[in-house]
Every structure is written in structure tokens, then in C-alpha cells.
Amino acid sequence: MVGVGMDRYLQANARLWDNWTMLHATSDYYDVAGFKAGKSTLTPIELDGLGDVSGKSLLHLQCHFGLDTLSWARRGARVTGVDFSGRAIEQARSLAAELRIAARFIQSNVYDLPAALHEAFDIVFTSYGVLSWLPDLHRWAEVVAHFLAPAGIFFIVDHHPFASIFGSADGGELWRRVAVPYFPGPQPEVTESYGSYAVSSDERQGIEYNWRHPLSEIINAVLAAGLHLESLHEYPYSDFPVKPGMECGEDGWWRLPGKGDGMIPLLFSLKATK
Ligand SMILES: C[S@@+](CC[C@H](N)C(=O)[O-])C[C@H]1O[C@@H](n2cnc3c(N)ncnc32)[C@H](O)[C@@H]1O
């Protein structure tokens, strides 16, 4: 069904994510000690979006090292997490074993998953920092639809593509500046990566290949895969400081400072059914 496969861009990204996993597993940002002590990594957006998951089968695409996947398992879902980083999958399996949480983790490129996994799920979930790593959203949405059982629910919350056009302009001034196009071509953006979004460091981690997708492309991919759109929401806050100068509120969400607050969308969520 799908044929994007692990081309050289995705192979480079997988190597970078192997390196990032090692940084992230001990980072304050991911707070694994807090997770082990019982803290959930899920936010009100996906908790409200999916409601009660107990007893449901849940496929988590691009699960990183499994904290969200295991948080859903703690809420009673029967979880399968998928990621193309071998180190992320190893780390996720080791956490599940240590915490005695029932969970299955599979190392696979999203596009190759139909060849590796043969079942349907009540829920397909993916979140926070996923679509920019995928070159082809139509094939991605076909994979999502492929794994949904009849009446199954797909839920995504991710960074809003509109926010990405302002580059890394200071948060307070960001709404004044457009640095890159909202409608990029098919070529990836290439970035030398030092540290990661979660850990600041001068140490080179690898090369990052990213694709920006306008909101219309995301929605049309989901519709073209035969899914029914249930809801689309946009939020003026984010799960982490995507621009310099952002401020974290008491609710844990990051907002643009000063005049920037509320000016542009920073996250979106979409719910669709099969
Ligand atoms: C930002 S993380 C996901 C975020 C998750 N909410 C978290 O913070 O734990 C993105 C994940 O996508 C994975 N990834 C990127 N491209 C992928 C692909 N083509 N197939 C499978 N996994 C991929 C990376 O390995 C990484 O673990």
C-alpha cells in the first residue's frame, strides 16, 4: 500500500532520533523520574479528545520512547507504540518492563507499518511534533485509515503549521515577521542539529530533514483516506516553547509574550472516524 520507505532523509532522521533519545531519556524536559512515580504525560487536549480509553485498543504512531503510550496504558488502554528509532523502542520496552505496564512497542517507519503489523485498532493516536517528520501526508493518512477498525477514532494534536512560518523570531515580535513560506515545496528543510528541542547543547546530533504542511493539506489527506472529520481545533498555546521568549502559564501551556499572546495559533487538534 505504501512505498515511501526509508529513503536517505528518513534514515538520517532516524539516526538523529536515536541520538536524541539518549539525550531525552535523562532530560529534565521528559522527567522520567516523575513518570516512574506516576505522573501522566498526557494533556487535557488529548484526554478530552479521546475520553475514556479503558479496554480500547490504541495504536500510537511516532511514540518516541513511550511516555504517552504508557500513560494511555495506565488509563486502561491496550497499547501498541510505534517509532522508527531503535533506541526509542528499546527505551520504551525497558520502561514498560520496569514499571510492569502491559504494552507492545514496534520499531517501524510509519510508512512501512502495514507490512509489519496486521490488526485493526479502536483508536489511532499521534501527538506533538509528528507531521513535520513526514514527507507524504496522503500516504500517512492511508496508514492511519488502514489501522482503524470500523467506527474507530483517529486523534492528532500537533504544532500548528502557521506558527512555523515565523522561523525563530523572538516570541514577542514574532507576529510581525514571516521568515519562511506557509506553502513550501516538496523539498525538505535541512537543519544541522546541536542539542535538541528538549536539551540545549553544543554537541552536534545530526541533520534534521523536515517538511511543513499547510493545514488544508493535513485535512485533505485525512479526508482523501476516507475518514470522516469530527472536529478541528486551534489553540494559541503550545506544549513547549516553540519560539524564544515564550512564557509558561500556571496551566503548563506555553504562550507568546506581550502582544503576541493570542495572535496566532500554536497547536491544532483533529479528530476523525472511520
Ligand atoms: C517529537 S517526537 C513525538 C512526540 C511525543 N509526543 C513525545 O514527545 O514523546 C517524534 C517522534 O517521531 C519519530 N519519527 C519521525 N519520523 C518517523 C517515521 N517516518 N516513522 C516512525 N517514527 C518517526 C521520531 O523517532 C520521534 O520519536
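Use the structure listed above.
Note that this is a predicted model, so its numbers are computed, not measured. Residue numbering note: each chain is counted from 1, following its sequence as written. Local features are withheld for residues below a pLDDT of 70 in this predicted model, meaning they are given only at 70 or higher, and side-chain atom pairs are given and counted only at 80 or more; totals for whole chains, interfaces and linings count all residues. Working from all heavy atoms in the structure, the side-chain values ignore hydrogens and water.

K.L.:
Describe the packing of aromatic side chains, listing the residues and the values that go with them.
P.N.:
Centre distance within 6.5 Å is the pairing criterion for rings of Phe, Tyr and Trp, where only the six-membered ring of Trp is used; planes under 30 degrees apart are then read as stacked, over 60 as edge-to-face, and the remainder as tilted. Taken as a whole, this structure holds 20 aromatic pairs when the rule is applied. Where phenylalanine 162 meets phenylalanine 166, the ring centres are 5.5 Å apart and the plane angle is 85°; that geometry is what we call edge-to-face. Each residue is assigned to one of three classes by its accessible area relative to the maximum for its type, calculated with a 1.4 Å probe on protein chains only: buried under 20%, partly exposed between the two thresholds, exposed over 50%. Residue classification places phenylalanine 162 among the partly exposed positions, given a relative accessible area of 28%. Using a relative accessible area of 4% as the deciding quantity, one classes phenylalanine 166 as buried. Two limits define a charge over a ring: the Lys NZ or Arg CZ must be within 6 Å of the ring centre, and within 35 degrees of the ring normal. In this structure, arginine 74 packs its charged tip against the face of phenylalanine 35, placed 4.1 Å from the ring centre.

K.L.:
Which residues make up the pattern of salt bridges, and what values go with them?
P.N.:
We define a salt bridge as a contact between a side-chain nitrogen of Lys or Arg and a carboxyl oxygen of Asp or Glu at a distance within 4 Å. Tallying each qualifying case throughout the model produces 7 salt bridges. In this structure, lysine 39 and aspartate 31 form a salt bridge, with 2.7 Å as the shortest nitrogen-oxygen distance. Taking the shortest distance from any N to any O, the salt bridge between lysine 36 and glutamate 98 comes out at 3.2 Å. On the criterion of sequence distance, the pair formed by lysine 36 in helix H2 (residues 32-36) and glutamate 98 in helix H5 (residues 86-99) is long-range, its members being 62 residues apart. What counts as a helix is a DSSP run of H or I of at least four residues, what counts as a strand is a run of E of at least two, and both are numbered from the N terminus.

K.L.:
Hey, could you go over helix H1 (residues 8-24) for me, with residue numbers and the actual values?
P.N.:
Turn by turn, an α-helix covers 3.6 residues, leaving residues three or four places apart pointing in a common direction. Each residue after the first adds 1.5 Å to the expected span of a helix. The terminal C-alpha atoms of H1, which comprises 17 residues, lie 24 Å apart, in line with the 24 Å expected from a rise of 1.5 Å per residue. For this analysis, residues touch if any pair of their heavy atoms sits within 4.5 Å. Close packing links the buried residues of H1 with H5, strand S6 (189-194) and strand S7 (204-210). Measuring from the backbone nitrogen of tyrosine 9 back to the side-chain oxygen at the start of H1 gives 3.0 Å, which picks out aspartate 7 as the cap. Identification of polar contacts relies on pairs of N or O atoms within 3.5 Å, with a donor-acceptor requirement for protein atoms, meaning one able to donate a hydrogen and the other able to accept it, and with residues adjacent in sequence counted only if both atoms are side-chain atoms.

K.L.:
Could you give an account of the site of the ligand, with specific residues and numbers?
P.N.:
A molecule or strand has a residue near it when one of that residue's heavy atoms lies within 4 Å. Looking at the ligand, there are 17 residues lining it, with Tyr30, His64, Asp83, Asn109 and Val110 nearest. Within the side chain of tyrosine 30, an N or O atom sits 2.7 Å from an oxygen atom of the ligand. Reported accessibility uses the Shrake-Rupley method at a 1.4 Å probe radius. Residues are deemed covered only where the shown protein chains occlude them. Burial of the ligand by the protein chains amounts to 95% of its free accessible area of 600 Å².

K.L.:
Let's hear about the nonpolar core: which residues, and what values?
P.N.:
Throughout, nonpolar core names a set of buried Ala, Val, Leu, Ile, Met, Phe, Trp, Tyr and Cys residues whose side chains join them through atoms within 4.5 Å. Ranked by internal contacts, the top residues of the largest apolar core, which has 43 residues, are Leu59, Leu131, Trp140 and Phe154. Taken together, the elements giving at least two residues each to this core come down to H1, strand S1 (57-61), strand S4 (121-127), helix H7 (137-147), strand S5 (148-159), helix H8 (215-224) and strand S11 (267-273). Look past the residues within four positions of tryptophan 140 in its chain and what remains in contact with it is Val110, Tyr111, Thr126, Leu131, Leu134, Phe154, Ile156 and Val222. Within the second largest apolar cluster, 34 residues are counted, among which are Leu67, Trp72, Val79 and Val157.

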